[in-house]
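Analysis of the macromolecular model
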Protein chains: 2
Amino acid sequence: MILYTFKKGVNVIDRLNQSELREMWEDLGMNLELHDQLLESNSRLFKKTHLWQKKRPAAMKLFDRALHDSHGQRVAEILDYRKGGGKSVGTFCIYVPDEIAMAANVLTIPLCGGSGWSVSYADEMLPRDICPLVRSTFGMALSETCPYKTLKEYPLGETTCDAKKKTWDLFGIPAMEVPQKKNEEDRKLWISEVTTFMKDMEKVSGTEVTVDKLRDSIRKCNRKRVILQQINGFRRLKTPPISGLDALLVSQVALNMDIDNFISAGEELLEELMERADNDVSAFDGDGVRVLFAGTPSPMGYAKVHWAAETSGLQIVADESCTGIRYYRDLVPEDLDTLDEMIEAIADRYFKIDCPCFSPNTERFDNIADVIDEFQAEAVVHNILQFCHGFNIEAGALDKMLIEKDIPSLKIVCDYSEEDGEQIKIRMEAFREIIESKRNR
Amino acid sequence: MILYTFKKGVNVIDRLNQSELREMWEDLGMNLELHDQLLESNSRLFKKTHLWQKKRPAAMKLFDRALHDSHGQRVAEILDYRKGGGKSVGTFCIYVPDEIAMAANVLTIPLCGGSGWSVSYADEMLPRDICPLVRSTFGMALSETCPYKTLKEYPLGETTCDAKKKTWDLFGIPAMEVPQKKNEEDRKLWISEVTTFMKDMEKVSGTEVTVDKLRDSIRKCNRKRVILQQINGFRRLKTPPISGLDALLVSQVALNMDIDNFISAGEELLEELMERADNDVSAFDGDGVRVLFAGTPSPMGYAKVHWAAETSGLQIVADESCTGIRYYRDLVPEDLDTLDEMIEAIADRYFKIDCPCFSPNTERFDNIADVIDEFQAEAVVHNILQFCHGFNIEAGALDKMLIEKDIPSLKIVCDYSEEDGEQIKIRMEAFREIIESKRNR
């Protein structure tokens, strides 16, 4: 039976009603009028992109709710945690090692914005021709519609792209240095950065990271990743029991939910997917064309390309993105005995992430080839957030490999606006037809 | 007396006539028809941007000729050098240490394109929304109009921005890793990269880098930088004897000319500037408004913003760019005795470059403040090549500092196209009026 509550969540506090939520937002110094607009926009979009689906797992209700709670109940949880002395830092990238922060009793709050509504508010400080992710994030901060703005000791950036790197400088945000190559000297630099991060987190909370604490947090973060692996693993089936849209939603909220609540909700979803798999219940109508989604992250609030694809007869069976495989593929070994070994292993785990910030990034090509085979994808949809030079140029190199494998690909470069949704759908439909006719060759 | 030949040039070969040049280009596999278009475009633009000036130093003829020779006589020189067994690598950035290549008997050939003509030819491989510098360079390569395409063992990139970094990957070009912070771990990484570069250069030429050879090349590269410092130093004067347009041209051709020829031409120009300075001869009519040009590089062929500024009553008295101060400010100590010391000193010299690829890049702010004082600039013109996220976002942070110093600034974001020249001029004229009225406050 699917309950409308989390089974084992440890951070469950009383649910706030609407007027309590508004009071909280006011206390947080937010602009309620603009925030209402943001919520209305997000809610309308979610209905459009997700609720047309007729065969969603019932447990998706948990993730739908988590999405809607992200500016409400989740904020209340974190506020409650902070009132009790809990510490937190804001993050913008999956390179920041969660297990270390967790072992130092510091909560990481991913802050990447996926809402087109807030993008133009970034104009006050940022150029218009940088990626919508950065602009959406800072647009929320500048329009006072981000509830997390004051809910952290500080935000922590990283050096994964020019736009983010210089935005940190502009706003005086400290940043971890992610190297640009994967040589031994780079690995040393990265280990040093991870070590510094640990010391910083210890300073933030006044809590020393011990072997036991770090082992626990490694296990917990691995548990979360394994659940994501298992949920997404079902997408290998000929009749995927979960759609691309819903798998994306699970990943998106995984970044925001309390980890125990997420694990509990994920287990509930897993049980249902298992049952569906046993009974060949697909999330899709008919067979469709199996595609791999590859490219830039799709932060919470953004699912336009998934929607355009899956309303056009494409079935997204894998997400090669930071809100997909890149987030959960690699685990940290759990059987280590010293802090140094653990730090090194954690650094190595994050160092494996195949972001285009690395040159060359051939690991990514190998990983994509593997995923195509494993998930039997017939085609690739590249989604590139506009002005993301890294993913955009790399798509050209990737295509060389895809052409060799005889895998058709479609590149969609877009921002978070809604206006081009139908145009993208037309391209998706034409792409589906091309693949179907290729089948009959 | 100013001669129309270089006084001490060591690489002087017989000048090729037009039909010999065409034969050479044909032998190099170039597309002569398109190359004629490129030359015609460059030549027309040069007349427009530079030859309206009435008070140019006579010695500028040497640099005008070097510019026109860049696809002709200079290519013939390098071809001759290579036929004699000489080795060369192509470069795209001032982070590649010239002294090391030179000590290994390898010629570095800077390849950054500044021609708007070739930009659209990059469409074949590259996105349209990356900077025109990268597109112009690869547009020339793809349209077979770059004479240097085959005149090198290989091109060597660096990781200073996303667009370049991923372009290297796309074209299979190796790259030096420039770190993103200036901590000790970064310095170590950079020294290791510089050491690897030395070994690579030794492999390319089969020539071992020795203490003596490296000392000689350090001295020669320093000599070139000192000449550039001296030439540009005259711009401190109340009546600058050289315009911003011409100072830029000197820097542009400094990157392409044979170093001995450049030193010789530079000395000739220096003599004349000295004489002009003694007699208060300005390159400008009247006083004008003294401005600092700051921002992205202006590679050979591109001088639109300098032209717009100086035809609108602004006098560019300093260039804070890779085709300006950033190229020649820092010298390498000449009194070192071991190879290790020299390598480290060279690495440190290049590590000082204040490129926005570093986070934070506060050194640049301090340097700009110093230059403003030293050159008595009343205002700053930021020129940002379109889609250069690094310089564009950093301009916002720089402006905070400029506002504190009560220095007005104007940001021009543009590409290499000619069409917006007049619009930029209108903005320059308005900017000049603002500064003039500020004077009377």
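The paragraphs below set out a description of the structure included in this document. (Residues numbered from 1 in each chain as written. Chains lettered and ligands numbered in written order. Predicted model: local features only at pLDDT ≥ 70, side-chain atom pairs only at ≥ 80, totals over all residues. Heavy atoms only, no water.)

**Some thoughts on the packing of aromatic side chains**
Aromatic ring pairs are reported here in terms of the distance separating the ring centres and the angle at which the planes meet. Counted by the stated rule, this structure contains 21 aromatic pairs over all chains. Centroid distance A:F351 to A:F358: 5.6 Å. Interplanar angle 85 degrees. Geometry classified as edge-to-face. On the numbers, 6.1 Å between centres and 45 degrees between planes, the contact of B:F138 with B:W168 is tilted. Of this pair, B:F138 sits in helix α6 (residues 132-142) while B:W168 sits in helix α7 (residues 162-171); the two residues are 30 residues apart in sequence, bridging distant segments of the chain. The exposure class assigned to B:F138 is buried, which follows from its relative accessible area of 6%. Under the relative-accessibility criterion, B:W168 is labelled buried at 1%. Positioned above the aromatic ring of A:F358 is the side chain of A:K182, whose terminal nitrogen or guanidinium carbon lies 4.4 Å from the ring centre. Above the ring of B:W307, the side-chain terminus of B:K48 is found at 4.6 Å from the ring centroid. (Phe/Tyr/Trp six-rings, centres within 6.5 Å; stacked < 30°, edge-to-face > 60°. Helix = DSSP H or I, 4+ residues; strand = E, 2+ residues; numbered from the N terminus. Buried < 20%, exposed > 50% of the residue type's maximum accessible area, 1.4 Å probe, protein only. Lys NZ or Arg CZ within 6 Å of the ring centre and 35° of its normal.)

**Observations regarding the sheet that holds strand β8 (residues 409-414) of chain B**
All names here are of chain B. A sheet is described by the order of its strands in space; here four strands give the open sequence β6-β5-β7-β8, paired in parallel fashion. Every other strand in the sheet has two partners, leaving β6 (314-320) and β8 as the edge strands with one partner each. On average, each strand axis in the sheet is inclined to that of its neighbour by 25 degrees, with strand direction left out of account. Pairing between strand β7 (residues 379-385) and β8: six bridges, direction parallel. From the neighbouring strand, V380 faces β8, where its bridge partner is S409. Contacts from helix α16 (residues 389-404) reach β5 (289-295), β7 and β8, with the element oriented near 170 degrees to β7. (Pairing = 2+ DSSP bridges. Axes fitted to C-alpha atoms, helices over the stretch in contact; angles between N-to-C directions. Contact = heavy atoms within 4.5 Å.)

**Description of the side chain of A:R290**
All names here are of chain A. Within the element layout of this structure, R290 appears in strand β5 (residues 289-295). For the buried R290, which has no salt bridge, the nearest side chain bearing the opposite charge is E378, at an N-O separation of 6.1 Å. In terms of polar contacts, R290 uses its side chain to reach the backbone carbonyl oxygen of L237, at 2.8 Å. A polar atom in the side chain of R290 sits 2.9 Å from the backbone oxygen of F375. Ignoring any residue separated from it by four or fewer positions in sequence, one finds R290 in contact with R235, R236, L237, K238, P240, Q315, V317, F375, Q376, A377, E378 and A379. (Lys, Arg positive; Asp, Glu negative; His and termini not counted. Salt bridge = Lys/Arg side-chain N within 4 Å of Asp/Glu carboxyl O. Polar contact = N/O pair within 3.5 Å; in protein donor to acceptor, adjacent residues only side chain to side chain.)

The analysis is restricted to geometry; functional conclusions fall outside its scope.
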